[in-house]
Amino acid sequence: MTIGGSFDEVLVAAQAGAEWAFTILYRDLNPRLVRYFSARAMSQAEDLAAETWLEASHNLATFGGNEGAFRGWMFTIARRRLIQHWRDGERRPSRPVAPETLTEHPGRDNTELEAIAVTDAQAAIRAITALLSPDQADVVLLRVLGGLDVAQVAEVLGKRPGTVRVLQHKALRRLAGRFSVEALTR
């Protein structure tokens with residue numbers, strides 16, 4: 001999903017503080033950010049996405065560019081949040097809370113279908129991250145989940161576009177080989 005031709009208008013309004021405009025940006029990009037974080041730090045995906053939006057909201061007035069540049073900017077912030085999360089985790093290990101201690105939350109309208117969709121997506125993400133090197137997984141996730149082009153992925157990861165293309169090519173060959181073999185053996 002993209003905002004399209006109205007992106008410039010939405011961005012200007014969001015930079016001016018219009019809640020409706022920020023909501024459009026959020027609804028468009030947040031699912032991609034959450035899926036990206038789910039692949040790299042599943043238990044903290046929502047929190048990391050929220051931290052990304054918080055940082056973006058503080059710096060939104062300084063952003064200039066088109067919709068693709070905005071996605072690249074957001075995923076650059078997201079990657080920095082993820083790296084900081086990993087660093088913090090090394091310093092302060094988390095202590096999980098027992099599910100019984102949590103209060104009940106009201107369910108959504110169609111919880112079963114949402115759970116199936118999320119489970120399928122998470123299984124695909126787990127397969128990608130399990131089969132690929134971290135660099136290859138990052139490239140595939142940023143290209144597919146982030147909807148970023150090669151140049152934007154290169155910028156987010158601090159790599160050359162040629163390196164990103166090579167990583168993507170190797171990743172896709174590995175995935176194709178693995179899933180082709182599995183399909184034939186079933």
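Preceding this paragraph is the structure being described.
Across its full length, the protein holds eight helices and zero strands. Put simply, the protein runs from its N terminus to its C terminus through helices and strands in the order α-α-α-α-α-α-α-α. Counting only residues that meet the buried cut, the protein has 36% of its 186 residues in that class. For the protein, the proportion of contacts with a sequence separation of at least 24, taken over those separated by at least 6, is 62%. Carbon and sulfur atoms provide 54% of the accessible area of the protein, an area that totals close to 11600 Å².

Counted residue by residue, helix 7 (residues 150–157) has six buried out of eight residues, so it is predominantly covered. Residues of helix 7 that are buried include every one of Val-150, Gln-152, Val-153, Ala-154, Val-156 and Leu-157, and no others. The positive-phi residue at the C-terminal boundary of helix 7 is Gly-158, with phi of around 70 degrees.

What follows is about the environment of Phe-70. Position of Phe-70 among the secondary structure elements: in helix 4 (residues 67–91). In this view, Phe-70 contacts Phe-7, Leu-25, Leu-29, Leu-60 and Phe-63; residues no more than four positions away in its chain are not counted.

Turning next to the packing of helix 2 (residues 19–40) against helix 3 (residues 45–59). Across the interface, helix 2 lies against helix 3 with an axial gap of 9 Å and an inter-helix angle of 140 degrees. The angle between helix 2 and helix 3 falls in the class oblique. Helix-helix and strand crossings are classified by hand; for helix 2 and helix 3 the assignment is right-handed. When helix 2 is examined against helix 3, the residues Phe-22, Leu-25, Tyr-26, Leu-29, Asn-30, Leu-33, Val-34, Phe-37 and Ser-38 are found in contact with a partner set consisting of Ala-45, Glu-46, Leu-48, Ala-49, Thr-52, Trp-53 and Ser-57.

Under the defined criterion, the tally for this structure stands at eight aromatic pairs. Seen from their ring centres, Phe-22 and Trp-53 are 5.5 Å apart, and the 75 degrees between their planes marks the pair as edge-to-face. On the criterion of sequence distance, the pair formed by Phe-22 in helix 2 and Trp-53 in helix 3 is long-range, its members being 31 residues apart. Take Phe-22: its relative accessible area is 24%, and that puts it in the partly exposed class. Their ring planes at 35 degrees and their centres at 5.1 Å tell us that Phe-63 and Trp-73 sit as a pair that is tilted. Linking Phe-63 in the loop between helix 3 and helix 4 with Trp-73 in helix 4, this pair joins segments that are 10 residues apart in sequence.

In this structure the tally under the stated criterion is one cavity of 30 Å³ or more. The space that makes up the largest cavity amounts to roughly 30 Å³. Lining of the largest cavity is provided by Ile-3, Phe-7, Leu-25, Asp-28, Leu-29, Glu-67, Phe-70 and Arg-71.

Attention now goes to the pattern of salt bridges. Side chains carrying opposite charge are able to pair once their charged atoms draw close together. This model, assessed by the stated rule, comprises seven salt bridges. As a salt-bridge pair, Glu-51 and Arg-81 come within 3.2 Å of each other at their nearest N and O atoms. With Glu-51 in helix 3 and Arg-81 in helix 4, this residue pair connects regions lying 30 residues apart in the sequence. The exposure class of Glu-51 is partly exposed, given its relative accessible area of 34%. Residue Arg-81 is classed as partly exposed on the basis of its relative accessible area, which comes to 23%. Across the pair Asp-138 and Arg-79 runs a salt bridge whose closest N-O atoms are separated by 3.0 Å. In this pair, Asp-138 is assigned in helix 6 (residues 134–144) and Arg-79 in helix 4, connecting sequence segments 59 residues apart. Across the pair, Arg-79 and Asp-138 agree in class, each one buried. Sharing partners across several salt bridges, the network here consists of Glu-51, Glu-55, Arg-80 and Arg-81.

So, how was this worked out
- Residues numbered from 1 in each chain as written.
- Predicted model: local features only at pLDDT ≥ 70, side-chain atom pairs only at ≥ 80, totals over all residues.
- Heavy atoms only, no water.
- Helix = DSSP H or I, 4+ residues; strand = E, 2+ residues; numbered from the N terminus.
- Buried < 20%, exposed > 50% of the residue type's maximum accessible area, 1.4 Å probe, protein only.
- Contact = heavy atoms within 4.5 Å.
- Areas by Shrake-Rupley, 256 points an atom, 1.4 Å probe, with all protein chains shown as cover.
- Axes fitted to C-alpha atoms, helices over the stretch in contact; angles between N-to-C directions.
- Parallel < 35°, antiparallel > 145°, perpendicular 65-115°, else oblique.
- Left-handed = near helix turned anticlockwise from the far one by under 90°.
- Phe/Tyr/Trp six-rings, centres within 6.5 Å; stacked < 30°, edge-to-face > 60°.
- 1 Å grid on protein atoms, 1.4 Å probe; cavity = no way out; pocket = protein on both sides within 12 Å on 5 of 7 lines; lining within 4 Å.
- Points joined across faces, edges and corners; volume = space filled by probe spheres on them.
- Salt bridge = Lys/Arg side-chain N within 4 Å of Asp/Glu carboxyl O.

These figures come from the coordinates and say nothing about function on their own.
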